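The primary structure of each chain is shown beneath.
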Amino acid sequence: MDIEQKQAELIDHFVKKASALKGTILDPVIIEATSHPSLFAFSEILAVPSVVELGGTENSGYLDVLRLFAHGTWTDYKNNAGCLPELIPDQVLKLKQLTVLTLAETNKVLPYDQLMQELDVTNVRELEDFLINECMYAGIVRGKLDQLRRCFEVQFAAGRDLRPGQLGNMLQTLSNWLATSENLLVSIQEKIKWADTMSELDKKHRKDVEDRVEDVKKSLSLKLHTVSRPTLTSEGTRRSTLSLVE
Amino acid sequence: MASSSSSGLTFKLHPLVIVNISDHCTRVKSQMNPPVTSAANTTSNNTNGAGDGVVTAVSAAIPPPRVYGCVIGVQRGRTVEIFNSFELLYDPIAHSLDRAFLEKKQELYKKVFPHFYILGWYSTGSDAEESDMHIHKGLMDINESPVYVLLNPSINPAQKDPPVNIYESELHVIDGIPQLIFVSSSYTIETVEAERISVDHVAHLKPSDGGSAATQLAAHLTGMHSAIKMLNNRVRVLHHYLVAMQKGEFACENSLLRQVSSLLRRLPAIESEKFQDDFLMEYNDTLLITYLAMFTNCSSTMNELVDKFNTAYDRHSRRGGRTAFM
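Now for a look at the structure at hand. Residue positions are counted from 1 within each chain, in the order its sequence is given. Chains and ligands are labelled sequentially in the order written, the chains with letters from A and the ligands with numbers from 1. In keeping with the predicted nature of the model, local features appear solely for residues at pLDDT of at least 70, side-chain atom pairs appear and are counted solely at 80 or more, and the whole-chain, interface and lining totals rest on all residues. Working from all heavy atoms in the structure, the side-chain values ignore hydrogens and water.

**Description of the sheet that holds strand β9 (residues 177–185) of chain B**
All names here are of chain B.
Phase 1: The criterion for strand pairing is that DSSP finds at least two bridges linking the strands in question. Comment: elements are numbered from the N terminus, with helices defined as DSSP H or I runs of at least four residues and strands as E runs of at least two. Strand order in the open sheet formed by eight strands is β9-β8-β7-β6-β2-β3-β1-β10, and the pairing between neighbours is mixed. Both outer strands of the open sheet, β9 and β10 (187–189), are each paired with one neighbouring strand and no more. Looking at each pair of strands side by side, their axes are set apart by 35° on average, direction ignored.
Phase 2: Judged from the five bridges that link them, strand β6 (residues 117–124) and strand β7 (residues 147–151) form a sheet pairing that is parallel. Among the inter-strand pairings, Tyr122 is bridged to a residue of β7, identified as Val149.
Phase 3: Any two residues whose heavy atoms approach within 4.5 Å are treated as being in contact. To get an axis, a line is fitted to the C-alpha atoms, and for a helix only the part in contact is used. The angle between two axes follows their N-to-C directions and goes from 0 to 180 degrees. Along the sheet face, helix α4 (residues 99–112) touches β2 (68–76), β3 (79–88) and β6 and points at about 125° away from the line of β3.
Phase 4: Helix α5 (residues 130–139) rests against β2, β6, β7, β8 (164–174) and β9 of the sheet, and its axis sits at about 95° to β9.

**Describing the packing of aromatic side chains**
Phase 1: When two rings of Phe, Tyr or Trp (its six-membered ring) have centres within 6.5 Å they constitute a pair, described as stacked for plane angles under 30 degrees, edge-to-face for angles over 60, and tilted for the intermediate range. This structure, assessed with the given rule, holds twelve aromatic pairs over all chains.
Phase 2: A connected cluster of aromatic rings, assembled from ring pairs, spans Phe83(B), Phe86(B), Tyr109(B), Phe113(B) and Phe116(B).
Phase 3: Whether a charge lies above a ring is judged from NZ of Lys or CZ of Arg, which has to be within 6 Å of the ring centre and within 35 degrees of the ring normal. The positively charged end of Lys96(A) is found above the aromatic ring belonging to Trp74(A), 5.1 Å away from the centroid.
Phase 4: The ring of Trp194(A) has Lys191(A) lying over it, and the distance from NZ or CZ to the ring centre is 5.8 Å.

**Comments concerning the sheet that holds strand β3 (residues 151–157) of chain A**
Paired through backbone hydrogen bonds, the strands of a sheet run either parallel or antiparallel to each other.
All names here are of chain A.
Phase 1: Sheet architecture is open: three strands sit in the order β1-β3-β2, paired in antiparallel fashion. Of all the strands in the sheet, the pair left with one neighbour each is β1 (109–111) and β2 (141–146). Across the sheet, the axes of successive neighbouring strands diverge by a mean angle of 30°, strand direction being ignored.
Phase 2: Strand direction decides the pairing type here: β1 and β3, joined by three bridges, are antiparallel. Across the sheet, the residue bridging to Leu110 is Phe152, located in β3.
Phase 3: Each of β1, β2 and β3 touches helix α7 (residues 89–106); the most contacted strand, β3, lies at about 90° to it.

**Points about unusual backbone geometry**
All names here are of chain A.
Phase 1: For Asp120, which is not glycine, the phi dihedral falls at a positive 60°.
Phase 2: Not every positive phi belongs to a glycine, and Arg150 is a case in point at roughly 50°.
Phase 3: Position of Arg150 among the secondary structure elements: in the loop between β2 and β3.

**Some words on the interface of chain A and chain B**
Phase 1: Contact residues are listed per partner, giving 46 residues for chain A and 41 residues for chain B.
Phase 2: Salt bridges are defined as contacts in which a side-chain nitrogen from Lys or Arg sits within 4 Å of a carboxyl oxygen from Asp or Glu. Between Glu182(A) and Arg236(B) there is a salt bridge whose closest N-O contact spans 2.7 Å.
Phase 3: Think of a polar contact as two N or O atoms within 3.5 Å of one another; within protein, one of them needs to be a possible hydrogen donor and the other a possible acceptor, and neighboring residues in sequence only count if both atoms come from side chains. Run the count over chain A and chain B and you get two residue pairs in polar contact (both at pLDDT 80 or more).
Phase 4: Among the elements that line the side of chain A that touches chain B, the one with the most residues is helix α10 (residues 166–227) of chain A, at 20 residues.
Phase 5: A breakdown of the residues in the side of chain A that touches chain B according to their chemical character gives 22 nonpolar, twelve polar and twelve charged. Residues are grouped as follows: Ala, Val, Leu, Ile, Met, Phe, Trp, Tyr, Cys and Pro are nonpolar; Asp, Glu, Lys and Arg are charged; every other residue, Gly included, is polar.

Next comes the structure, spelled out in structure tokens:
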């Protein structure tokens, strides 16, 4: 959430700049926006009318770059490198950061091998440096690096710009979440009722047993009184204890 | 007498002060009980002091005694933070607090907490009184604007806020004479981690009165239930908002959509294989321990039963043995 706050001012600034200009003069603005170290959201700039106009002209390369930054990854850029303008190193770094975000969208546990392939990094040390310095210190991802199992566990990743179809998916996920939590609430309530009922039953059972013990004690004391007189011989006591035990 | 304060000071009260004042009040009440009430009430003195205070108040019909003390803390700029308090004796003849004791205590506290100053004084009761102004003025040479913390010891189950009021003194012109009157000010409760733990502990004491495991389980589950219910409500609000946005009733706000997408990315919260293993292992361990405990219980009950059985029937067989000789 704090990333959004940091970006809010930048987005306003660039939107204002972009709406004031037109045509090829927009190119440096786009380059500046895509290489700015704290800006990761581009859909607002994409929505500015003068930027949309660029799509029709021959200069649509820069609009494609902007779209790539909004939705694409480093692999997309490599595949289309022919028709897109050259990227300066700042933009390359930004695109790689956005690639990490996209990967974090689908999996929570990212293996090092996949990351190295997507980001064009050859050794683990470089990959870890990139993840730590560029991604975690920038605040766009939070997670744990597991060196033994060579993977990166993502706990939090900032959101990228939404493609039009993704809103439906999000709604689906939200409604699933709601359904699960409602079921959980119902089952918790059942458990509470169960716990209360069981304790009631237990108390009743205990009370029953104690009542029966009281009854037997009373009947025993009655029997003792009736048998107490003729028990002077041991034979008599034996018979009386026998009958008591019965 | 009490209108709202206009001095612009913000007060922060620590729970330790409230606990100290109520403890002081309870102790004095329960110490007063034996000379006044009958023997039947003295047995109840060993239990909850506040409870039997109410009982004796009803039976003896005396108002609970007022207790007095000093509050100390730190004043930084416009914020007054009250950290701690200690008790003082009130001299009803001179209508003032015991000065020598106060100074001695102040020195001792200064050694342990060098930053704390005497910020004011406290007392119990339901409303500030005229005689309190005397004491207030008496303290004004230590602190030029002392603060008066008043705790209402009567237990009112309908009341939601803590029955503590903080008063400041202000110079108002009444009938042409400038007079000091008490004006009440608002305060916030500020907690240190250690205080939070103890307040939490006290708040959870109620279920252990019932004592049985079922009520504790029910209390725990109820807590979880309400937490999940709150989460559910908030997620539902988000869901409605997104549905409306999809239908077009709201304009697409990209920043919010990004935040929601990153939130949904955090689900499922835990699903790795390792978690399943650990979880099942712990689950099995708990079941095993419960089973073992039940076993032990059963075998000890069985043992007792066998002992009782043997005692009952053994006597019979021994007598049988002796009568054989006769």
